Amino acid sequence: MTRDEPDTRPSEARSRLLSTATRIFYAEGIHSVGVDRIIAEAKVTRATFYRHFPSKDDLILAYLRQVHQMERGMVDAAIAANPSPADSLLAVAGAIAERITSPVFRGCAFLNAAAEYPDTNHPVHQEIIAHREWFLDTITALMAQVHEETADSAARHFVMLRDGAMAAGCLFDPALVSETFLRGVEGLLRVNTERQSAGSAR
């Protein structure tokens, strides 16, 4: 890098702060975790923290955006690896089920955050809604390729199955919850595939 070129490498301190916050926020919640603890566990100074995150809300938004990117990567990979829309939807469901059975699973980061930030005008709540709109739009686009007429309702059904599984996975046997979720998605796809076949036969 020459003297005139800007250093665009991500700050190591910022990355450490974000990874520390992501781990603690997801495991323990957001409101219960103070900035002082994050600073201490990330081993940075208070000045360094505020240089990268002017407020705790800025850190929370960065945390949610990082989780969004992780989930988007998971969904994009499932779609890229499966050429048919039905197989893509099953692969997305399979990735979700795998997360539920992970030993570090603590529910959906966005649903957890929504419970702590119910004010619809708060930037954190709006970030949650943006993520959920992306996910619903993605599932709707895939469902439209299975059966266009019922794509909207089928996608909402998929998201509700997913939300229920993410909540139940923290309360009951995660393996059983994952299996039930997958059977539900398979049934949803079977019904809509049959509708598409019936429509094509007319």
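Residues numbered from 1 in each chain as written. Predicted model: local features only at pLDDT ≥ 70, side-chain atom pairs only at ≥ 80, totals over all residues. Heavy atoms only, no water.

## Remarks on the overall build of the protein chain
The helix and strand inventory of the protein chain stands at nine helices and zero strands. Seen in sequence order, the protein chain has helices and strands lined up from the N terminus as α-α-α-α-α-α-α-α-α. Overall, the C-alpha framework of the protein chain stretches about 70 × 45 × 35 Å when taken along its three principal axes. Relative to its full complement of 202 residues, the protein chain shows a buried share of 41%. Within the protein chain, counting contacts between residues at least 6 apart in sequence, those at least 24 apart form 69% of the total. Where the 21 positive side-chain charges of the protein chain centre and where its 26 negative ones centre are 5 Å apart. (Helix = DSSP H or I, 4+ residues; strand = E, 2+ residues; numbered from the N terminus. Buried < 20%, exposed > 50% of the residue type's maximum accessible area, 1.4 Å probe, protein only. Contact = heavy atoms within 4.5 Å. Lys, Arg positive; Asp, Glu negative; His and termini not counted. Charge placed at Lys NZ, Arg CZ, Asp CG, Glu CD.)

## Describing the nonpolar core
Phe25, Tyr63, Phe135, Met143 and Phe158 are the most contacted members of the largest nonpolar core, which totals 58 residues. Those elements that place two or more of their residues in this core are α1 (12-28), α2 (35-42), α4 (56-80), α5 (85-100), α6 (109-116), α7 (123-146), α8 (151-168) and α9 (174-201). With nine residues, α4 is the single largest residue contributor to this core. Tyr63 has contacts with Leu18, Thr22, Phe25, Tyr26, Ile30 and Ala109, leaving out every residue within four places of it along the chain. (Core = buried A, V, L, I, M, F, W, Y, C linked by side-chain atoms within 4.5 Å.)

## Comments concerning the side chain of His131
Structurally, His131 can be placed in helix α7. Here the side chain of His131 touches His68 through a polar contact of 2.9 Å, side chain to side chain. Among residues more than four places away in sequence, those in contact with His131 are His68, Glu71 and Phe110. (Polar contact = N/O pair within 3.5 Å; in protein donor to acceptor, adjacent residues only side chain to side chain.)

## Some thoughts on the packing of aromatic side chains
Summed over the entire model, instances satisfying the criterion amount to six aromatic pairs. Note on Trp134 and Phe135: the rings are 5.9 Å apart at their centroids and 55 degrees apart in plane angle, and the pair reads as tilted. On the basis of relative accessibility, which here comes to 7%, the residue Phe135 falls in the buried class. Sitting above the plane of the Phe135 ring, Arg162 keeps its charged end 5.8 Å from the centroid. (Phe/Tyr/Trp six-rings, centres within 6.5 Å; stacked < 30°, edge-to-face > 60°. Lys NZ or Arg CZ within 6 Å of the ring centre and 35° of its normal.)

## Brief notes about the environment of Gly107
Topologically, Gly107 is positioned in the loop between α5 and α6. Once the C-alpha coordinates of Gly107 and Asp163 are considered, the two residues, 56 residues apart in sequence, prove to be 9.2 Å apart. Residues in contact with Gly107, not counting those within four places in the same chain, are Tyr26, Arg99, Asn112, Met166 and Cys170.

## Looking at the packing of α4 against α6
Put simply, α4 and α6 touch, their axes get as near as 10 Å, and they point 155 degrees apart. By the angle between their axes, α4 is roughly antiparallel relative to α6. Crossing of α4 against α6: the hand is left-handed. Contact residues: α4 offers Tyr63, Leu64, Val67, His68 and Glu71, while α6 offers Ala109, Phe110 and Ala113. Within the contact of α4 with α6, the residues separate by chemical class into six nonpolar, one polar and one charged. (Axes fitted to C-alpha atoms, helices over the stretch in contact; angles between N-to-C directions. Parallel < 35°, antiparallel > 145°, perpendicular 65-115°, else oblique. Left-handed = near helix turned anticlockwise from the far one by under 90°. Nonpolar A, V, L, I, M, F, W, Y, C, P; charged D, E, K, R; others polar.)

## A few points about unusual backbone geometry
A positive phi angle is found at Lys43, which is not glycine, with a value near 60 degrees. Positionally, Lys43 belongs in the loop between α2 and α3 (46-52).

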